[in-house]
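# Results of the structural survey
Each chain, written out:
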2 protein chains.
Amino acid sequence: MSTTSIYDRGLDKNAANYAALSPLTFISWSAEVYPDRPAVIHGARHYTWQQTYTRTRQLGSALVRRGLRRGDTVSTMLANTPEAYEAHFGIAMAGAVLNALNTRQDADSIAYILQHAETKVLITDREFSPVIAAALAKLDVKPLVVDVLDPEYAGPGEPLGDLNYEALLAEGDPNFAWSLPNDEWDAISLNYTSGTTGRPKGVVYHHRGAYLTALSNVVESSLPRHMVYLWALPMFHCNGWCFPWSVAARSGINICLRKVTAAGMFDAIRQYKVTHYCGAPFVHSTLIEAPAEMRQGIEHKVSSLVGGAAPSQAMIEGMARIGIDLTHIYGLTEVYGPTAVCAKHEEWANLGSGAQAERNGRQGVRVMLEEGMKVLSPTTLEPVPNDGETMGEIMFRGNCTMKGYLKNPEATAEAFAGGWFHSGDLAVSDPDGYARIKDRSKDIIISGGENISSLEVEDTLYRHPAVLVAAVVALEDTRWGEVPCAFIEPRPNMSVSEEEIIAFCRARLAHFKAPKRVVVGVVPRTATGKIQKYVLRQQAKDDAASRR
Amino acid sequence: MSTTSIYDRGLDKNAANYAALSPLTFISWSAEVYPDRPAVIHGARHYTWQQTYTRTRQLGSALVRRGLRRGDTVSTMLANTPEAYEAHFGIAMAGAVLNALNTRQDADSIAYILQHAETKVLITDREFSPVIAAALAKLDVKPLVVDVLDPEYAGPGEPLGDLNYEALLAEGDPNFAWSLPNDEWDAISLNYTSGTTGRPKGVVYHHRGAYLTALSNVVESSLPRHMVYLWALPMFHCNGWCFPWSVAARSGINICLRKVTAAGMFDAIRQYKVTHYCGAPFVHSTLIEAPAEMRQGIEHKVSSLVGGAAPSQAMIEGMARIGIDLTHIYGLTEVYGPTAVCAKHEEWANLGSGAQAERNGRQGVRVMLEEGMKVLSPTTLEPVPNDGETMGEIMFRGNCTMKGYLKNPEATAEAFAGGWFHSGDLAVSDPDGYARIKDRSKDIIISGGENISSLEVEDTLYRHPAVLVAAVVALEDTRWGEVPCAFIEPRPNMSVSEEEIIAFCRARLAHFKAPKRVVVGVVPRTATGKIQKYVLRQQAKDDAASRR
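About the thresholds
- Residues numbered from 1 in each chain as written.
- Chains lettered and ligands numbered in written order.
- Predicted model: local features only at pLDDT ≥ 70, side-chain atom pairs only at ≥ 80, totals over all residues.
- Helix = DSSP H or I, 4+ residues; strand = E, 2+ residues; numbered from the N terminus.
- Rg over C-alpha atoms; globule rule 2.2 N^0.38 Å.
- Buried ≥ 20, exposed ≤ 12 C-beta atoms within 10 Å, placed from the backbone.
- Pairing = 2+ DSSP bridges.
- Axes fitted to C-alpha atoms, helices over the stretch in contact; angles between N-to-C directions.
- Contact = placed C-beta atoms within 7 Å.
- Nonpolar A, V, L, I, M, F, W, Y, C, P; charged D, E, K, R; others polar.
- Core = buried A, V, L, I, M, F, W, Y, C linked by C-beta atoms within 7 Å.
- Domains from an automatic or database assignment.
- Expected span 1.5 Å × (residues − 1).
- Right-handed = clockwise from strand over helix to strand, strands pointing away.
- Least-squares fit on C-alpha atoms with pLDDT ≥ 70 in both.
- Parallel < 35°, antiparallel > 145°, perpendicular 65-115°, else oblique.
- Left-handed = near helix turned anticlockwise from the far one by under 90°.

### Overview of the overall build of chain A
A tally of regular secondary structure across chain A gives 17 helices and 26 strands. Computed over its C-alpha atoms, the radius of gyration of chain A comes to 24 Å, within 12% of the 24 Å expected for a compact globule of 548 residues. With the principal axes as the frame, chain A shows a C-alpha extent of 70 × 70 × 55 Å. Expressed as a percentage of its 548 residues, the buried residues of chain A come to 56%.

### Thoughts on the sheet that holds strand β18 (residues 392-397) of chain B
All names here are of chain B. As summarised here, the arrangement of the four strands in space is β17-β18-β20-β21, forming an open sheet in which the pairing is antiparallel. A strand with exactly one partner marks an edge of an open sheet, and here the two such strands are β17 (372-376) and β21 (435-440). Averaged over neighbouring strand pairs, the angle between their axes works out to 45 degrees when direction is ignored. Bridging between β18 and strand β20 (residues 421-429) involves four bridges; their strand directions are antiparallel. Note that in β20 the partner of Met395 across the bridge is His422.

### Regarding the interface of chain A and chain B
On the chain B side, the residues contacting the 53 residues of chain A number 53 residues. Here the side of chain A that touches chain B is composed, by residue class, of 28 nonpolar, 15 polar and ten charged.

### Concerning the nonpolar core
A general tendency of soluble globular proteins is for nonpolar side chains to be buried together. Core analysis: the biggest nonpolar cluster contains 329 residues, and Leu230(A) and Leu230(B) have the highest contact counts within it. Per element, the largest residue contribution to this core is eight residues, and it comes from strand β24 (residues 467-477) of chain A. No fewer than three residues from each of domain 1 (24-36 + 44-206) and domain 2 (444-547) of chain A sit in this core. Excluding residues within four positions of it along the chain, Leu230(B) makes contact with Ile255(B), Leu257(B), Met265(B), Ala268(B), Ile269(B), Val274(B) and Tyr277(B). Of all hydrophobic cores here, the second largest spans 26 residues; its members include Ile445(B), Leu475(B), Cys485(B) and Ala540(B).

### Notes on helix α3 (residues 82-93) of chain A
All names here are of chain A. Under the 1.5 Å per step criterion, the end-to-end length of α3 is 17 Å for twelve residues, consistent within 8% with the ideal 16 Å. When you tally the buried positions in α3, you get twelve out of twelve residues, the bulk of the element. Taken as a whole, α3 has its buried residues at Pro82, Glu83, Ala84, Tyr85, Glu86, Ala87, His88, Phe89, Gly90, Ile91, Ala92 and Met93. Count one or two residues on from α3 and you reach Gly95, which has phi positive near 80 degrees.

### Regarding the sheet that holds strand β20 (residues 421-429) of chain A
Residues and elements named next belong to chain A. Strand order in the open sheet made by the four strands is β17-β18-β20-β21, with antiparallel pairing throughout. Pairing within the sheet leaves two strands with one partner each, and these edge strands are β17 (372-376) and β21 (435-440). Direction aside, neighbouring strands of the sheet carry axes that sit 45 degrees apart on average. Here β20 pairs with β21 via five bridges, running antiparallel. In the sheet register, Val428 faces β21, and the bridge partner there is Arg436.

### Overview of the domain arrangement of chain A
Segmentation of chain A into domains returns domain 1 (24-36 + 44-206) and domain 2 (444-547). Look at where the C-alpha atoms of domain 1 of chain A and domain 2 of chain A centre, and you get two points 40 Å apart.

### Let's talk about the pairing of strand β8 (residues 187-192) of chain B
Residue and element names in this part refer to chain B. Along β8, six of the six residues are buried, which leaves the element largely enclosed by surrounding structure. As defined by bridge partners, β8 adjoins strand β9 (residues 202-206) across five bridges and the pair is classed as antiparallel. The partner of Asn191 across the bridge, within β9, is Val203.

### A look at the pairing of strand β26 (residues 517-520) of chain A
Residues and elements named next belong to chain A. With four bridges connecting them, strand β25 (residues 481-490) and β26 associate as parallel partners. Its bridge partner lying in β26, Cys485 is registered against Arg517. Regarding topology, helix α16 (residues 498-506) serves as the crossover connection from β25 to the parallel β26, and that connection is right-handed.

### Examining the relation of the copies chain A and chain B
Laying chain A over chain B is done by rotating through 180 degrees and shifting 0.0 Å along the axis; what remains is an RMSD of 0.1 Å. Both copies of the chain, as the preceding transformation shows, are related through a two-fold rotation axis. In terms of C-alpha distance to the rotation axis, chain A has Ser222(A) as its closest residue, with the C-alpha 3.5 Å off the axis. Taken as a fraction of all interface residues of chain A, those also at the interface in chain B reach 100%, which identifies the copy contact as same-surface.

### Some remarks on the environment of Asp72(A)
Residue and element names in this part refer to chain A. Its place among the elements puts Asp72 in the loop between α2 (49-65) and β3 (73-77). On the neighbour-count criterion, Asp72 (23 C-beta atoms within 10 Å) is buried. Asp72 sits 420 residues away from Pro492 along the chain, and the two C-alpha atoms are 47 Å apart. In this structure, Asp72 is in contact with Ala96, Val97 and Lys120, ignoring residues within four places of it in sequence.

### Notes on the packing of helix α4 (residues 107-116) of chain B against helix α5 (residues 129-137) of chain B
Residues and elements named next belong to chain B. Two elements in contact, α4 and α5, have axes separated by 8 Å at closest approach and are oriented at 55 degrees. If you check the angle between α4 and α5, you find them oblique. In the crossing of α4 with α5, the sense of the turn from one axis to the other is right-handed. Residues Ala107, Ile110, Ala111 and Leu114 of α4 lie in contact with α5, whose contacting residues are Val131, Ile132, Ala134 and Ala135. Each residue belonging to the contact of α4 with α5 can be placed in one class, and the counts come to eight nonpolar, no polar and no charged.

### A look at the packing of α2(A) against α3(A)
Geometry of a packed helix pair, given as the angle between the helix axes and the separation of the axes. Residue and element names in this part refer to chain A. Running from amino to carboxyl end, α2 crosses α3 at an angle of 45 degrees, the nearest separation of the two axes being 7 Å. In this view, α2 runs oblique relative to α3, as classed from their interaxial angle. As α2 runs across α3, the sense of the crossing is right-handed. Residue-level contacts link Thr52, Arg55, Thr56, Arg57, Leu59, Gly60 and Leu63 of α2 to Glu86, Phe89, Gly90, Ile91 and Met93 of α3. A class-by-class count of the residues in the contact of α2 with α3 yields five nonpolar, four polar and three charged.

### Considering helix α11 (residues 281-289) of chain A
Among all positions of α11(A), only Pro281(A), Phe282(A), Val283(A), His284(A), Ser285(A) and Leu287(A) are buried. The inward-facing, buried residues of α11(A) abut α10 (262-272), β12 (276-279), β13 (303-306), α12 (313-322) and β14 (325-330) of chain A.

### Re unusual backbone geometry
Residues and elements named next belong to chain A. The backbone of Asn239 shows a phi angle near 50 degrees, a positive value even though the residue is not glycine. By the secondary structure assignment, Asn239 is in helix α8 (residues 238-241). When the 28 C-beta atoms within 10 Å are taken as the criterion, Asn239 is described as buried. Despite not being glycine, Asn493 has its phi angle at roughly 65 degrees, a positive value. Relative to the elements of secondary structure, Asn493 occurs in the loop between β25 and α16. A tally of 6 C-beta atoms within 10 Å means that Asn493 is categorised as exposed.

### Some points on the environment of Pro156(A)
Mapped onto the secondary structure, Pro156(A) falls in the loop between β6 (144-148) and β7 (163-164). Here the alpha-carbon distance between Pro156(A) and Ser454(A), two residues 298 residues apart in the chain, equals 40 Å.

### Quick notes on the environment of Val283(A)
Residues and elements named next belong to chain A. Relative to the helices and strands, Val283 resides in helix α11. What makes Val283 buried here is the crowd of 20 C-beta atoms within 10 Å. Counting along the chain gives 18 residues from Val283 to Met265, while the straight-line C-alpha distance between them is 9.5 Å.

Structure (structure tokens):
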């Protein structure tokens, strides 16, 4: 039985009607159509799209001349500078794969990653020379090391490489005739998940997924042409949620930023009329906490995305108060970053601010360019009912999902079991079909047989006027199995006691959900603002032991 | 020598990380996320996204139950009604291929197409029953005929089918579990080019191209979420330039329109706060020509695209005068419609209105999602210099290019010779890299060895205050080989003489470019507003013969 039709005959792919999807198409378009418009601004350095395109072609050409081949890895240890931006294009032009390192990592992790990724070239900013030197010292085979000497960086750090970045560019042909990959499934980048335990896993992205996720950002945030984008989110975090490619797709302006501070961000927003930025909750909190004077002179509309961790209701309300439009996105490294969005509904504007913040704080729905996201039973893979109560696991499927984990077929198979990517996040599905995370599977606290969502307790803690950062983890308990233990970082010049916090929670939560123990101090966070719960769990344990 | 890398191993496609690109993803998203928002409005009929999605699922299911299989053709003969919109989704859900017939075609052409496309089902609006009855009478094997009985249509025309559209939907399962195609290269639609000579050719679109072109419209026009789109452009024209899928991608509102009139359009713009529409030049001219009273009460911004034929400068200036934002797009059926765009530059705003219109009237550059468009030498396929003078042919390559011509491998191979789609349009490349059409290869007039661009002469004619429509074709001439012959349709209640027009042109053009003969009367146009130059060429010939 033939299943071919008249449409299957004589209508094949050819050079005229088929091209690999790749974000490289975006930068060449911007350079062709808007060559003289600004592309990247970093202090005194200003590059147009033509200039940025030329620099990326030089980078690609220089890497090829240095012997790089398709599928070789180039690692980078960079702040949000023009070089980090250029790496997102030039490395792919050489057919190579960008591995952007998290700059907060220690020498051991970096050495592990450079070995695992089989890195051939390492491009590193002088600021990170000490940790990089320590990492390199652990390697038997060293990559070619290229120093970035950023004039905007005045701190310590010696160059330690074979040549500097500008010298590397000078080796390249500014008219390099790069080509799209033969296969859009080819790898474009490699992002190691920080991993709460065990060795980091290397998440591989491909050209097709990078292209589609970059467009997904354009669609979901309705990014306008010539948008002005402030780099508050590190470009090493899921490739800056694929925004380097999105900004190229909109012929926008990248405003670089080495360090997130309220003054630095507000100054950039004012000076360059920034229209968009992204960041973890702490980035937004930084702006909310800043003195109102810092916001003076900013009259234009600024839109922002929050992700990387769930925003508290208090934070969402705070953003509304300072007049910055905020949308909550959700995702994981494995799904290119922002692959779910709490898409807004006009009628929510009629709700009170608390109810509005509660709606807007949910993980929401799939972005349109990811074909599936559902809350499924982890055992049957059947969708949970939209009752806002039945717990399931958020799972994704579609084109904005990774190729898999590098050199780790077992973990890849496990992550994709049953044809869905398993996020590990436990959630319910609300009556409108929006997902609402109850917890990471490992963050749920089981106390006397009852499930306690650490997020729910944290939401309550954030309502206390003295609380800046709150985190809740499970503490082993001989009677209840586990009980909630809270870590509180108070606002500057404010203090709070354990008793006061416990009483505050008991007044607002079922008693079994209130923390049994409260630790006041600095709450440890990763470079991307994620609270390191595995560190807190250990602290809670040690703390309990010391009190016994 | 192995060319595989670490990124090629254990990182294959699977159900979790790969899905066929298809615009069906867009409608399911809108129904999931914005189920209760309006999707399609047609007079008294209002459908939400949930309702439209349900109707398309019923359509898909009913077609499958009627025995349709992957790659079968469903033809439609429809005005811009909800049924035409639903056809763009429901037919694909059945794995079948939509062939939207041009409603101005004659019975012979329709019969030819139905036979050539091997149409299994024909969905036809009662208004077109006479011509469809005549076409069906010519067929040995008849398709299943389904009548659309639109309450908004009060004119003549008897149902002639086996059942009506609503009865067909009733046969379908509202929860039909359609699936994405196995291969995104599968055909989604079939569009016959009107063809100036010979039999029409069947241009085949695939799911991937429809998906990308729909997104391309979103990107190039920065279409906002919940846009309100007025259907002035027929949906049978390159699938309405892929806008049925774009509007679904933006959870927008489709305002249907059976007939283009100034009053009808302005009423819809006012009542529904239309934000966008597209159309051939005559659509826009209709609005420019309308009395100013018709525009009263319209204060919001309306954006429009013009294509299908090059807009005159006078028309571009007229649109600016009535305050509708206009962008010129260019393309052909073979490239899904709008695949080039005259992308605007802010600095053009500083030019005089004439110079601005001249910039904005060009064919421009590739849309970002089409990987290549260049003015190439038809012989060497080398790009012409950006000198605004050297003539070449516009060629396209990339994902927004057709699969090929149905059952016509010779024409397909010819169209794609050298790995580029040959548009047949002769153009120069301006210093900024924007293409400017000089003429269709067959529309160029060669007089005494000199090339005359009929477009250039037409641009001059449109500057005459009494000219509503102008067209220039070659007329055989014993002395010069060819000379320009102009056809003029005067504005209502105005008249103009042959002598006056010739004098007007001689004052503004090189004398050899001025028309030697001017015919005043109605200028024949196709359904989509394209002037039928082959008809004019014959008229010019007959006219010359009669005067001999």
